[in-house]
Amino acid sequence: MPIATFVSQSDNSDWKDLYRIGGVTALIAVLIAPAEVVINFLPGVAKATASTVTVAEWFTLLQDNPLLGLRNLGLLNLCGAALLAPSFLAVFSALRRDHESFATFGTILFFVGIAVYLSGNRAFPLLSLSRQYAAAATDAQQSLLLSAGQAMLTEGQSRAGILLIEFSGLFLSVIMLRGNVFDRVTACTGVLGNSLMMVVETFFVPPHGAGMVFAASGGLSIVTWYLLMGRRLLQLGR
């Protein structure tokens, strides 16, 4: 069935608002990657990031520049993940007509990944600890807070949630490839981008050497996928 025919056989109008919202949030999510790049070039950001190694240094950064500290702990990625929630739900709606069971499974994977990622991020708990550390009256209190901060940093290194999100994106992209709602370019871009980012998360964290090639290629493909997916969802919303 060609795409135009699918559009003419419109889904329930109750879903059209979701298509529009999902399309808009997917397009906004595209801005996360360039925002990260722009922030890196702001004065003092590279130096502050490079010098933040120990827990005490993280506490100092969070006290002196809370926004930069939160950003370095993944604040923009948290925003991006939240923005993609309505987008993936809208993709499920678009795919459910012909592949309901698979679309449901892929969407569930995404929301499980979101839950794992959001619960595992330690940006705001570390911000709270940094304030307690600044207000601590004794060395013993500071030592306890440093230990708690180290434990949080260690827990926050888990990439399980991101891997689940990328696997769900790969899974849904394969379903797009088998269906008639999204074109093959959109589907193939999603397959490529999510596959490359899964390789990066598994073998190259932080990216280095060949990992930088995988990360750059995967990131560009993911951004393109969001653009194409957002555009298609907006078309369906009309």
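Heads up: these notes are all about the structure in this document.

What counts and what doesn't
- Residues numbered from 1 in each chain as written.
- Predicted model: local features only at pLDDT ≥ 70, side-chain atom pairs only at ≥ 80, totals over all residues.
- Heavy atoms only, no water.
- Salt bridge = Lys/Arg side-chain N within 4 Å of Asp/Glu carboxyl O.
- Helix = DSSP H or I, 4+ residues; strand = E, 2+ residues; numbered from the N terminus.
- Buried < 20%, exposed > 50% of the residue type's maximum accessible area, 1.4 Å probe, protein only.
- Phe/Tyr/Trp six-rings, centres within 6.5 Å; stacked < 30°, edge-to-face > 60°.

Right, let's talk about the pattern of salt bridges for a bit. Counting across every chain of the model gives 3 salt bridges. A salt bridge links Glu36 to Arg71, with the shortest nitrogen-to-oxygen separation between them at 2.8 Å. Highlighted residues: Glu36 in helix 3 (residues 32-40) and Arg71 in helix 6 (residues 66-72), separated in sequence by 35 residues. Comparing Glu36 with Arg71 shows no difference in burial state: the two are buried. Between Arg159 and Glu201 there is a salt bridge, with the nearest N and O atoms lying 2.7 Å from each other. Here Glu201 lies in helix 11 (residues 184-203) and Arg159 lies in the loop between helix 9 (139-155) and helix 10 (160-178), a separation of 42 residues in the sequence.

On to the packing of aromatic side chains. Going through the model one piece at a time under the given rule, you end up with 8 aromatic pairs. Aromatic pair Phe110 and Phe111: ring centres 5.1 Å apart, planes at 85 degrees, arrangement edge-to-face. Its relative accessible area of 0% is what places Phe110 among the buried residues. Judged by centre distance (5.8 Å) and plane angle (35 degrees), the ring pair of Trp225 and Tyr226 falls under tilted. For the pair shown, Trp225 and Tyr226 are each scored as buried. Aromatic ring contacts, followed pair by pair, group Phe88, Phe110, Phe111, Trp225 and Tyr226 into a single cluster.

By themselves, these are just geometric observations and shouldn't be taken as functional.
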